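Single-letter residue listing:
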Amino acid sequence: MIRILYRNAAGAINAECGLSQLPELLEDRDGLVWVDVQSWHSKSSPENEASEMFRDVQAMLREVFHFHPLSIEDALNDSNVPKVDDWGEYLYLTLHAVDFDKSIEDIDLHELDVFVGANYLVTLREEEVRGIDRVWKQATRDPRHTKRGSDYLLYEVCDAVATDYLPCMDAIDEQSDLVQDEVFDKPTRGTLNRIFHLKKAVLNLRRVLSPQREVFNKLAREDYAPIDQAERIYFRDIYDHFLRLTDLNESLRDLITGSLDTYLSVVANRTNEVVKTLTIVTVLFMPLSFGTGFFGMNFFASLIEVTGDPDPVKLAFFIFIIASMIAVPVLMLIFFRRRGWF
């Protein structure tokens, strides 16, 4: 899907422009053109339709905007790290938007490629980015979002992307609290899997936050032709935002690592309790096993003779053995209790 938003020099907004009108719109140096491209080779689209859109997008970037082939290649291929490339008259940025999927307790990264020039902004994303859609709706309703130029519109897009990181981290924090409660309540093998999923999500965020923070640090401090010097302060604000997000992500990483350590300690303690209980039972039965094995315990075969009269000596020994088998475990239990072993 390709959609075009155009604001002319008088401030009128037109969101119904076609791709064929794009060269004419770009000739208006006092206007602003925003081209938003989404799902140019989505798996949900028919193969022939997706291929046709891919060719249209590639032709637009090459023949209408005259972008460098290397930047076009980067934009049409995913899996790029956040970066900013200066091509003189325009900038090429790679950013990552983020969502948290509670069903799998992991984050979804959505790559966003941006070209910004003097009077245009081009955004390309293969998947839905909620921040882009919010800014698009605001820009179509209120011309104040586009009257300050492409650099300020770039700031609004970047700020919308940065804003979506905080709900994602709040969701991770909430899931981490639930996991901690589960660790102290009744940890299972599923608890360990949840901890590892959350840890993976935090590590993925860390891999994105650091380079993305440096992107906005460059936009705020270095001289780029498409970025007006007066607008740099806004990118410094986004840099500060990502700096706080980085600190928050480190806190979450420490918290989840602590949850993992607590889980291992709780499981180890429970294992020790089970082993201690089994050891006590084994020790209690050791004298009984020794007595029954040593004497054979064949009292009932020899205690009563053929006449039916019991042997007094054998009867007394039988009573002594039974009393010993009862008394010894009881005395051992009392001894274990006084020693504080259970």
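Scope of this entry: the structure provided in the associated data block.

**Observations concerning the overall build of the protein**
A tally of regular secondary structure across the protein gives 10 helices and 7 strands. Residues classed as buried in the protein amount to 42% of the 342 residues present. For the protein, restricting intrachain contacts to residue pairs at least 6 apart in sequence, the fraction spanning at least 24 positions comes to 64%. Working note: accessible area of the protein is about 18700 Å², and carbon and sulfur atoms make up 55% of it.

**Regarding the pairing of strand 3 (residues 32-38)**
Taken across its 7 residues, strand 3 has 7 buried, putting it largely inside the fold. Residues Leu32, Trp34, Asp36 and Gln38 line one face of strand 3 and the alternating positions Val33, Val35 and Val37 line the opposite face, and both faces are buried. Examined bridge by bridge, strand 3 and strand 7 (residues 120-125) share 6 bridges and lie parallel to one another. The residue of strand 7 that forms the bridge with Val37 is Leu124.

**A closer look at the sheet that holds strand 3**
Spatially, the 7 strands line up as an open sheet ordered 2-1-3-7-6-5-4, and their pairing is mixed. This sheet does not close on itself; its edge strands, each paired only once, are strand 2 (13-14) and strand 4 (83-86). Across the sheet, helix 4 (residues 130-141) touches strand 1 (2-7), strand 2, strand 3, strand 5 (91-101), strand 6 (106-116) and strand 7, and the angle it forms with strand 1 is around 40 degrees. Sheet strands touched by helix 5 (residues 150-163): strand 3, strand 5, strand 6 and strand 7. Its angle to strand 6, the strand with the most contacts, is close to 175 degrees.

**Re the environment of Arg253**
Looking at the element boundaries, Arg253 is found in helix 8 (residues 232-295). Judged by its relative accessible area of 24%, Arg253 is partly exposed. For the pair formed by Arg253 and Lys199, sequence separation is 54 residues and the distance between their alpha carbons is 6.6 Å. Beyond its immediate stretch of four places on either side in the chain, Arg253 contacts Val202, Leu203 and Arg206.

**Focus: helix 3 (residues 69-76)**
All of the buried residues in helix 3 are Ser71, Ile72, Ala75 and Leu76. Considered in projection along helix 3, the buried side chains sweep an arc of 125 degrees and stay on one side of the axis.

**As for the pattern of salt bridges**
What the rule picks out here adds up to 16 salt bridges. A salt bridge links Arg3 to Asp133; the shortest N-O distance between them is 3.0 Å. Of this pair, Arg3 sits in strand 1 while Asp133 sits in helix 4, and the two are 130 residues apart along the sequence. The exposure classification of Arg3 matches that of Asp133, with both residues buried. As a salt-bridge pair, Arg134 and Asp164 come within 3.2 Å of each other at their nearest N and O atoms. Placement of Arg134 in helix 4 and of Asp164 in the loop between helix 5 and helix 6 (165-185) is noted, with a sequence separation of 30 residues between them. Given a relative accessible area of 34%, Arg134 falls into the partly exposed group. Because the salt bridges share partners, they merge into one network encompassing Arg3, Asp36, Arg125 and Asp133.

**Brief notes about unusual backbone geometry**
Although it is not a glycine, His66 adopts a positive phi angle of roughly 60 degrees. In this fold, His66 is placed in the loop between helix 2 (47-64) and helix 3.

**Focus: the nonpolar core**
Counting 59 residues, the largest nonpolar core has Trp34, Tyr165, Ile172, Leu205, Phe216, Leu219 and Phe235 as the members making the most contacts within it. Element by element, the count of residues in this core is highest for helix 7 (residues 189-221), at 11 residues. Dropping the residues within four chain positions of it, Ile172 is found in contact with Phe100, Ile107, Leu198, Ala201, Val202, Leu205, Leu252 and Ile256. Counting 24 residues, the second-largest nonpolar core is a separate cluster that includes Val35, Met60, Ala75 and Tyr90.

**Brief notes about the packing of aromatic side chains**
For the structure on display, the rule yields 15 aromatic pairs. Aromatic pair Phe67 and Tyr90: ring centres 4.7 Å apart, planes at 50 degrees, arrangement tilted. Within this pair, whereas Phe67 is found in the loop between helix 2 and helix 3, its partner Tyr90 is found in the loop between strand 4 and strand 5, the two being separated by 23 residues in sequence. The two residues Phe67 and Tyr90 agree in class, both being buried. For the ring pair Tyr155 and Phe235, a centre distance of 6.3 Å and an interplane angle of 85 degrees mean the geometry is edge-to-face. With a gap of 80 residues between them, Tyr155 in helix 5 and Phe235 in helix 8 connect regions that are remote in the sequence. In this structure, Tyr155 and Phe235 share a single accessibility class: buried. Clustering of aromatic rings is evident, with ring pairs tying together Phe65, Phe67, Trp87, Tyr90, Tyr92, Phe115 and Tyr120. Lying over the aromatic face of Trp136, Arg3 brings its terminal NZ or CZ to 4.2 Å of the ring centre.

**Overview of helix 5**
Its 14 residues place the ends of helix 5 20 Å apart at the C-alpha level, agreeing with the 20 Å of an ideal helix rising 1.5 Å per residue. The buried fraction of helix 5 amounts to 12 of the 14 residues, a majority that puts the element mostly inside the structure. Within the span of helix 5, buried status applies to Ser150, Asp151, Tyr152, Leu153, Leu154, Tyr155, Glu156, Val157, Cys158, Ala160, Val161 and Ala162.

Cut-offs and rules
Residues numbered from 1 in each chain as written. Predicted model: local features only at pLDDT ≥ 70, side-chain atom pairs only at ≥ 80, totals over all residues. Heavy atoms only, no water. Helix = DSSP H or I, 4+ residues; strand = E, 2+ residues; numbered from the N terminus. Buried < 20%, exposed > 50% of the residue type's maximum accessible area, 1.4 Å probe, protein only. Contact = heavy atoms within 4.5 Å. Areas by Shrake-Rupley, 256 points an atom, 1.4 Å probe, with all protein chains shown as cover. Pairing = 2+ DSSP bridges. Axes fitted to C-alpha atoms, helices over the stretch in contact; angles between N-to-C directions. Arc of directions from axis to C-beta. Salt bridge = Lys/Arg side-chain N within 4 Å of Asp/Glu carboxyl O. Core = buried A, V, L, I, M, F, W, Y, C linked by side-chain atoms within 4.5 Å. Phe/Tyr/Trp six-rings, centres within 6.5 Å; stacked < 30°, edge-to-face > 60°. Lys NZ or Arg CZ within 6 Å of the ring centre and 35° of its normal. Expected span 1.5 Å × (residues − 1).

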